[in-house]
Amino acid sequence: MADDRSVGRSKRRGGEGREVSRRRSLPPELGPAQKGPVARMFAPVAGFGVTISSMFRPSVTEEYPYEKVPTQPRYHGRHQLNRYADGLEKCIGCELCAWACPADAILVEGGDNTADAQYSPGERFGRVYQINYLRCIFCGLCIEACPTRALSMTNEFELSGPTREGLIYEKQDLLAPMLDGMLAAPHPMVEGTDDDDYYRGDVTGPTEGQVEWVRKHRPDDPTLKTAQPQDVTPTGGRR
Ligand code: SF4
Ligand code: SF4
């Protein structure tokens with residue numbers, strides 16, 4: 001095939017004779033390697049040599065999924081929507097992550113916090129949050145864009161499923177689990193704090209006032225049993 005093309009090109013250039021004479025004049029060391037008679041005889045089964053020699057080497061195949069090899073600590077896996085220590089959500093529904101995403105994999109709809117339903121510090125929270133893992137390329141640009149460090153990436157890599165819908169993760173699939181001592185949102189912010197105090201890490205857990213509020217509005221909330229009220233002293237003011 002290559003010869004036909006080269007001949008065709010040389011014909012188009014009107015130089016067929018010149019091309020043939022150049023090929024004939026190649027020295028033997030520059031031509032195709034010549035095999036000896038023994039090598040030619042074993043050539044059809046030579047590929048089995050690799051297979052047979054590999055049979056006696058130790059297996060390096062991982063026994064996945066029974067044995068999972070740990071990923072690197074900064075591996076980009078499934079996303080997580082983080083919480084503050086008192087249980088309020090860090091996401092403020094600003095949509096910056098969605099704007100930063102090159103694959104258009106994130107959908108965010110913000111909502112207003114109210115006195116009866118405060119999900120995050122400040123005025124807004126992420127009411128709808130979806131990540132489409134059929135689109136995501138795990139580049140991490142979304143977590144770089146997040147102004148409140150609400151979004152991070154875990155090391156979880158088992159993201160597959162039989163349906164397209166199942167790979168669109170909703171907010172409840174992405175929210176960080178409640179840790180011991182946290183109080184489930186919604187509930188008011190810690191008394192006397194603003195969102196800057198939260199961002200600076202001054203809030204180290206729910207306060208007695210927040211626990212009382214949840215006890216009054218959701219007496220059956222299971223996190224009431226494990227919440228550990230703290231004394232929170234905001235540093236106050238903007239820096
Ligand atoms: S990791 Fe990249 S592709 Fe995936 S949601 Fe974030 S910005 Fe989009
Ligand atoms: S995850 Fe961060 S960037 Fe995305 S909407 Fe929430 S606060 Fe904004």
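Predicted, not measured: the structure shown is a model, and the values here were computed from it.

Visitor: Lay out the environment of Val214 with the relevant residues and their values.
Guide: Positionally, Val214 belongs in helix 9 (residues 208-217). Sequence separation of Val214 and Ala185 is 29 residues, and the distance between their C-alpha atoms is 8.7 Å.

Visitor: An account of the UniProt feature "binding site: [4Fe-4S] cluster 2" (unreviewed entry) in the chain is requested, with residue identities and associated values reported.
Guide: As recorded in UniProt, the sites labelled "binding site: [4Fe-4S] cluster 2" (unreviewed entry) are Cys101, Cys136, Cys139 and Cys142. Spanning 42 residues, the named residues nonetheless gather at one spot, since no C-alpha pair among them exceeds 10.4 Å. Tracing the chain through its elements places Cys139 in the loop between strand 3 (124-132) and helix 6 (141-145). Within the secondary structure layout, Cys142 lies in helix 6. Excluding anything up to four places from it in sequence, Cys142 contacts Cys97, Ala100, Cys101, Ile106 and Leu151.

Visitor: Break down the site of ligand 1 for me, with residues and values.
Guide: For ligand 1, the set of nearby residues contains 13 residues, the closest of which are Cys101, Ala103, Cys136, Cys139 and Cys142. Within the shell around ligand 1, the residues separate by chemical class into twelve nonpolar, one polar and no charged.

Definitions and cut-offs
- Residues numbered from 1 in each chain as written.
- Chains lettered and ligands numbered in written order.
- Predicted model: local features only at pLDDT ≥ 70, side-chain atom pairs only at ≥ 80, totals over all residues.
- Helix = DSSP H or I, 4+ residues; strand = E, 2+ residues; numbered from the N terminus.
- UniProt positions renumbered as here; feature names shortened; annotations may be inferred.
- Contact = placed C-beta atoms within 7 Å.
- Near = placed C-beta within 6 Å.
- Nonpolar A, V, L, I, M, F, W, Y, C, P; charged D, E, K, R; others polar.

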